[in-house]
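# Fold and geometry: a report
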Amino acid sequence: MSPLAHPAEDPSTTGSPGATHRVTPTVHAPGGQPGDSATTEPADSRSYLLNNGTAGRYRSTVTESVERVSATIAATERPFTGISVDELTPTVADIDLEAPLHDPAAALDELEEVYLRDAVYFHHPRYLAHLNCPVVIPALVGEAVLSAVNSSLDTWDQSAGGTLIERRLIDWTARRIGLGEQADGIFTSGGTQSNLQAMLLARDEACRRELARADAPADARRSDVLPRLRILTSECSHFSIQKAATLLGMGAESVISVPCDENRRMRTTDLAAALERCRRDDLLPIAVVATAGTTDFGSIDPLGEIADLCDRYGTWMHVDAAYGCGLLVSRRRDLLAGIERADSVTVDYHKSFFQPVSSSAVLVRDHTTLRHVTYHADYLNPRRMAERRIPNQVDKSIQTTRRFDALKLWLTLRTMGASGIGELFDEVIDRAADAWKILHDDPRFDVVVEPQLSTLVFRYVPSADHDPHLSDLVNLHAREALFASGDAIVAGTVVDGRHHLKFTLLNPETTLEDIATVLDLIAEHAGSYLAEQPEPALSAR
Ligand SMILES: *Cc1c(COP(=O)(O)O)cnc(C)c1O
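Residues numbered from 1 in each chain as written. Predicted model: local features only at pLDDT ≥ 70, side-chain atom pairs only at ≥ 80, totals over all residues. Heavy atoms only, no water.

On to the overall build of the chain. Each helix and strand counted, the chain has 20 helices and twelve strands in total. Taken over C-alpha atoms, the radius of gyration comes to 26 Å for the chain, in line with the 24 Å a tight globule of 541 residues would show. The principal-axis extents of the C-alpha atoms in the chain amount to approximately 80 × 65 × 45 Å. Scored against the burial criterion, the 541 residues of the chain give a buried share of 47%. (Helix = DSSP H or I, 4+ residues; strand = E, 2+ residues; numbered from the N terminus. Rg over C-alpha atoms; globule rule 2.2 N^0.38 Å. Buried < 20%, exposed > 50% of the residue type's maximum accessible area, 1.4 Å probe, protein only.)

Quick look at the structure:
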């Protein structure tokens with residue numbers, strides 16, 4: 001293959017008669033039904049390609065889709081229609097993918113039936129379930145631009161200014177965190193990938209140092225070190241840490257779970273003890289993972305104390321701020337005090353920066369650690385390019401072809417400013433604090449912790465002397481019934497072995513009245529479930 005065969009070079013040829021060298025029409029379904037191709041004239045297929053000749057068609061087609069989505073959003077009265085899997089499955093299954101409609105409007109009509117009508121809408125104020133935010137319009141503009149231009153951020157010669165914009169945003173984020181002059185990082189597909197990359201870098205740094213020790217056997221190899229590697233993280237941390245450990249060949253058993261206090265923050269006395277045990281047992285902790293905003297409770301581990309322990313034991317400190325990163329632009333920045341001492345940080349702009357999925361990054365204090373994911377290919381990013389200081393972002397990423405997600409954040413910052421984002425996040429944190437008071441004073445519910453961020457974990461309690469098992473069933477039922485009604489969507493989780501309900505507030509449009517209404521709905525569903533139970537089930541065991 002020619003080293004110049006990059007997709008980014010195609011647009012430069014579309015303005016010329018160069019189109020004539022595309023003699024073979026694209027065949028979309030090589031194994032498709034006979035007869036299909038007869039209805040698809042090559043000229044027709046080519047008219048769907050975006051280029052200088054079809055710019056008008058692009059504009060009208062996309063405009064129509066935007067109009068439909070905006071009409072749908074304007075008319076949405078509930079976050080969900082409550083449709084069941086069994087009802088929706090045949091609608092999707094019955095679509096004949098071998099029989100194209102040859103009409104964008106018809107395809108959108110069909111999409112209305114199979115998706116748009118029954119989608120789950122995160123912008124609705126009574127969507128209170130997971131860490132999904134309503135999205136800001138400047139980011140949607142970015143999404144439209146980035147997919148049309150379709151830059152790929154692996155190399156300079158596929159992105160040009162896109163690479164520079166991404167690098168500016170990485171530097172901006174690193175500066176907000178306070179990682180210092182040597183910091184760097186990369187955009188990723190999400191917190192899971194950011195955590196994976198951080199653990200990979202931490203593992204490879206730990207192995208490098210271990211094998212370079214003066215007393216290491218001359219023939220020592222990585223595989224000798226592997227079984228001794230450990231990651232320490234709190235029992236409330238995200239499961240992507242376990243996944244990363246497994247993917248990195250360390251096994252799930254390499255993750256040491258550190259207990260949390262009653263506010264669901266890592267107990268640093270237990271962390272100190274675990275680090276000490278590792279030292280005694282000749283184990284090698286590659287990283288301590290602190291969570292700045294646990295997924296269930298929004299609790300923030302004591303970052304400063306954890307940094308002190310990491311200093312003392314010479315251990316890499318990773319901060320998973322997938323959820324709490326919005327604090328970087330909020331008036332509550334001090335809640336993240338200590339994050340500036342991290343070796344690596346995960347941020348999910350698609351959670352608390354109100355960005356559409358995907359938008360995430362992993363940042364590192366020392367840019368040289370990113371070399372653990374640097375590989376050179378002659379066709380893509382040969383070594384001599386690095387020597388000429390051509391900025392190929394693929395040198396820092398575990399992906400190759402990569403979306404220009406950074407553009408969404410760029411247009412958001414250029415349009416609204418960082419403080420605009422921070423205000424939105426502060427508003428939902430304020431709302432959660434007020435909602436906590438409502439829950440705390442409501443005898444129908446038990447609430448687990450007073451939130452630092454914007455989640456509330458609580459449980460409907462049938463009566464003072466209720467059977468906890470019955471309470472589990474009531475809460476499970478209330479959540480499902482609410483989902484099936486489509487009136488509101490809440491999440492569920494298990495705390496100390498008991499089923500609870502969870503609100504994740506990320507929508508500033510959610511009012512306290514919305515929250516009070518949803519609590520009433522939960523109580524109603526719980527009440528009707530209890531009313532259906534035979535008498536003995538209602539009394540305590
Ligand atoms: C959501 C979350 C993740 C995973 O991020 P994705 O973007 O869903 O991959 C990791 N850590 C924490 C604390 C999270 O809340």
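More follows now that the structure is in view.
Taken together, 15 residues surround the ligand, and among them Gly191, Thr192, Asp320, Asp348 and Lys351 come closest. With respect to the ligand, the side chain of Asp320 contributes an N or O atom lying 2.6 Å from a nitrogen atom. With respect to the ligand, the side chain of Lys351 contributes an N or O atom lying 3.0 Å from an oxygen atom. Contact with the protein chains removes 86% of the 380 Å² of surface that the ligand exposes when unbound. (Near = heavy atom within 4 Å. Polar contact = N/O pair within 3.5 Å; in protein donor to acceptor, adjacent residues only side chain to side chain. Areas by Shrake-Rupley, 256 points an atom, 1.4 Å probe, with all protein chains shown as cover.)

Moving on: the nonpolar core. One finds Val319, Val345, Phe458, Phe503 and Ile522 to be the most contacted residues of the largest nonpolar core, which totals 88 residues. Counting contributing residues per domain, this core is built from domain 2 (152–415) and domain 3 (419–539), each supplying no fewer than three. (Core = buried A, V, L, I, M, F, W, Y, C linked by side-chain atoms within 4.5 Å. Domains from an automatic or database assignment.)

A cluster of nonpolar side chains, contributed by Val135, Ile137, Leu140, Val141, Val145 and Val149, occupies part of the molecular surface with about 500 Å² of accessible area. Within the secondary structure, Val149 is located in helix α7 (residues 137–149). The exposed category is assigned to Val149, whose relative accessible area is 58%. (Patch = residues over 30% accessible without salt bridge, like charges linked within 9 Å, V, L, I, M, F, W, Y side chains within 5 Å. Salt bridge = Lys/Arg side-chain N within 4 Å of Asp/Glu carboxyl O.)

Attention now moves to the side chain of Ser360. By the secondary structure assignment, Ser360 is in strand β8 (residues 360–364). In this structure Ser360 comes out as buried when scored by relative accessible area, which is 0%. Side-chain polar atoms of Ser360 contact the side chain of Asp348, separated by 2.7 Å.

Let's shift gears to the domain arrangement of the chain. When the parts of a complex come together, some accessible area is lost, and that lost area is often taken as the interface size. As far as domains go, the chain holds domain 1 (11–121), domain 2 (152–415) and domain 3 (419–539). At the junction of the two partners, domain 2 supplies 25 residues and domain 3 supplies 21 residues. It is Phe297, Tyr323 and Phe354 in domain 2 that bury the most area against domain 3; as a group they hold 31% of the surface buried on that side. Between Asp496 and Arg264 there is a salt bridge whose closest N-O contact spans 3.5 Å. Summed over the shared surface of domain 2 and domain 3, the number is 14 residue pairs in polar contact (both at pLDDT 80 or more). Of the residues belonging to the side of domain 2 that touches domain 3, the class tally is eight nonpolar, ten polar and seven charged. (Contact = heavy atoms within 4.5 Å. Buried area = accessible area lost by both parts, 1.4 Å probe. Nonpolar A, V, L, I, M, F, W, Y, C, P; charged D, E, K, R; others polar.)

Right, let's talk about the sheet that holds β8 for a bit. Ordered in space as β2-β8-β7-β6-β5-β3-β4, the seven strands form an open sheet in which the pairing is mixed. Each having just a single partner strand, β2 (184–188) and β4 (255–258) make up the two edges of the open sheet. On average, adjacent strands in this sheet sit at an angle of 20 degrees to one another, irrespective of strand direction. Sheet strands touched by helix α13 (residues 303–313): β5 (284–291) and β6 (316–321). Its angle to β6, the strand with the most contacts, is close to 155 degrees. (Pairing = 2+ DSSP bridges. Axes fitted to C-alpha atoms, helices over the stretch in contact; angles between N-to-C directions.)

Bringing the sheet that holds strand β9 (residues 445–447) into the picture now. Pairing is mixed in the open sheet, where five strands are placed in the order β1-β11-β12-β10-β9. One side of each edge strand has no neighbouring strand; the edge strands of this open sheet are β1 (127–128) and β9. In this structure, β1 lies alongside strand β11 (residues 489–495), joined through two bridges in parallel fashion. Considered in β11, the bridge of Leu128 is made with Val490.

Under the criterion given, the structure shown has 37 salt bridges. With a closest N to O distance of 3.5 Å, Arg213 and Glu210 form a salt bridge. Looking at Glu210, the relative accessible area reads 11%, which means it is buried. Among the ionic pairs, Asp405 bridges to Arg403, the shortest N-O distance being 3.0 Å. The buried category is assigned to Asp405, whose relative accessible area is 6%. Accessibility expressed as a relative area gives 37% for Arg403, which makes it partly exposed.

The next subject is the side chain of Ser352. As for its placement among the helices and strands, Ser352 is situated in helix α14 (residues 349–352). Ser352 gets classed as buried once you look at its relative accessible area, which sits at 0%. Reaching out from Ser352, the side chain makes a polar contact with the backbone oxygen of Tyr323 at a distance of 2.7 Å. Reaching out from Ser352, the side chain makes a polar contact with the backbone nitrogen of Gly326 at a distance of 2.8 Å. Residues contacting Ser352, with those up to four places away along its chain left out, are Ala322, Tyr323, Gly324, Cys325, Gly326, Ile421 and Phe425.

Another point: the confidence of the model for the chain. Confidence in the prediction of the chain, expressed as mean pLDDT, is 91, and 91% of residues score 70 or more. Every residue in residues 1–42 scores below 50 in pLDDT, and together they form 24 contacts with partners more than four places removed in sequence or on other chains. (pLDDT = per-residue confidence, 0-100.)

Okay, the pairing of strand β3 (residues 229–234) next. β3 sits mainly inside the fold: six of its six residues count as buried. Residues of β3 alternate between two faces, with Leu229, Ile231 and Thr233 on one and Arg230, Leu232 and Ser234 on the opposite face, all of them buried. Inspection of the sheet shows β3 paired to β5 by five bridges, in the parallel sense. The residue bridging Arg230 from the neighbouring strand is Pro285, located in β5. Sheet topology places β3 next to β4; four bridges connect them, and they run parallel. Across the sheet, Leu232 pairs through a bridge with Ile256, a residue of β4. In this view, the connection linking β3 to its parallel neighbour β4 by way of helix α11 (residues 240–247) has right-handed handedness. (Right-handed = clockwise from strand over helix to strand, strands pointing away.)

Quick look at the environment of Thr72 now. Considering the arrangement of structural elements, one finds Thr72 in helix α4 (residues 55–75). Sequence spacing of Thr72 and Thr369 is 297 residues, and the spatial spacing of their C-alpha atoms is 47 Å. Contact partners of Thr72, with chain neighbours within four places excluded, come to Glu112, Leu116 and Tyr121.

This next bit is on the pairing of strand β7 (residues 344–348). Taking burial as the measure, the five residues of β7 include five buried ones, the bulk of the element. Of the two faces of β7, both are covered, the one formed by Ser344, Thr346 and Asp348 as well as the one formed by Val345 and Val347. The pairing of β6 with β7 spans four bridges and is parallel. Paired with Ala321 across the bridge in β7 is Val347. Bridge count between β7 and β8: five bridges; the pairing is antiparallel. Opposite Asp348, over in β8, you have Ser360 as the bridge partner.

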